[in-house]
Amino acid sequence: MKVTIDQDRCCGAGQCVLTAPTVFDQSEDDGLVQLLTDRPDPSVHAEVRLAAALCPANVITVHEGDS
Ligand code: SF4
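Since this is a predicted model, take the numbers as computed values, not measurements.

Participant: Could you clarify how one ought to interpret the overall build of the chain in this entry?
Facilitator: For the chain, the helix and strand inventory stands at two helices and four strands. Overall, the chain shows an N-to-C arrangement of helices and strands of β-α-β-β-α-β. Relative to the compact-globule value of 11 Å for 67 residues, the chain shows a C-alpha radius of gyration of 11 Å, a close match. In terms of principal-axis extent, the alpha carbons of the chain reach across some 30 × 20 × 15 Å. The proportion of buried residues among the 67 residues of the chain is 34%. Long-range pairs, those at least 24 residues apart, make up 59% of the contacts in the chain with a sequence separation of at least 6.

Participant: Would you take a moment to explain unusual backbone geometry for this structure?
Facilitator: Trans is the common state for peptide bonds, and a negative phi is the common state for residues other than glycine. Residues other than glycine seldom take positive phi values, yet asparagine 58 does so here, at roughly 55°. Mapped onto the fold, asparagine 58 is located in the loop between helix 2 (45-54) and strand 4 (60-63). For asparagine 58, a relative accessible area of 53% puts it in the exposed group.

Participant: Teacher, can you tell me more about empty space enclosed by the protein here?
Facilitator: Left-over empty space is what a probe sized like a water molecule reveals as it rolls over the atoms. For the structure shown, the criterion picks out one cavity of 30 Å³ or more. As a volume, the largest cavity reaches approximately 110 Å³. Grouping the constituent residues of the lining of the largest cavity by class yields 10 nonpolar, five polar and no charged.

Rules used throughout
The residue numbering used here restarts from 1 in each chain and proceeds along that chain's sequence as written. Residue-level local features of this predicted model are given only where pLDDT is at least 70; pairs of side-chain atoms are given and counted only at 80 or more, and the full residue set underlies all totals for whole chains, interfaces and linings. Working from all heavy atoms in the structure, the side-chain values ignore hydrogens and water. The helix and strand labels rest on DSSP assignments: H or I over at least four residues marks a helix, E over at least two residues marks a strand, and numbering proceeds from the N terminus. As defined in this context, the radius of gyration uses C-alpha atoms, and a globule is described by 2.2 Å times the residue total to the power 0.38. Throughout, exposure labels follow a simple rule: accessible area from a 1.4 Å probe, protein chains only, divided by the maximum for the residue type, with under 20% read as buried, over 50% as exposed, and the rest as partly exposed. Contacts are residue-level and defined by heavy atoms, with any inter-residue pair within 4.5 Å sufficient. With a 1 Å grid laid over protein atoms only, a set of points is called a cavity when a 1.4 Å probe fits there but cannot get out and a pocket when it is open yet has protein on both sides within 12 Å along at least five of seven lines; lining residues have an atom within 4 Å of a point. Grid points are joined across faces, edges and corners, and a volume is the space filled by probe spheres set on the points. Each residue gets one label: Ala, Val, Leu, Ile, Met, Phe, Trp, Tyr, Cys and Pro are nonpolar, Asp, Glu, Lys and Arg are charged, and the others, such as Gly, are polar.

Without other data, these values stay purely geometric and don't point to any function.
Rendered as structure tokens:
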């Protein structure tokens, strides 16, 4: 799995950080999402998929495969 974000669309709702805290963080300056890793551990793949589904601004894209 590979994860990409379109930070320009982020509205800082923070759902992703609550859902997958080892993969997403929020900037202390502007509250926008930050990617902690673009290759999350398989143990958190389900969390990452959920975070992508819950993001209200469609910021998170999950590319399946490529481990
Ligand atoms: S859930 Fe989406 S809009 Fe909210 S902080 Fe995360 S990436 Fe940004």
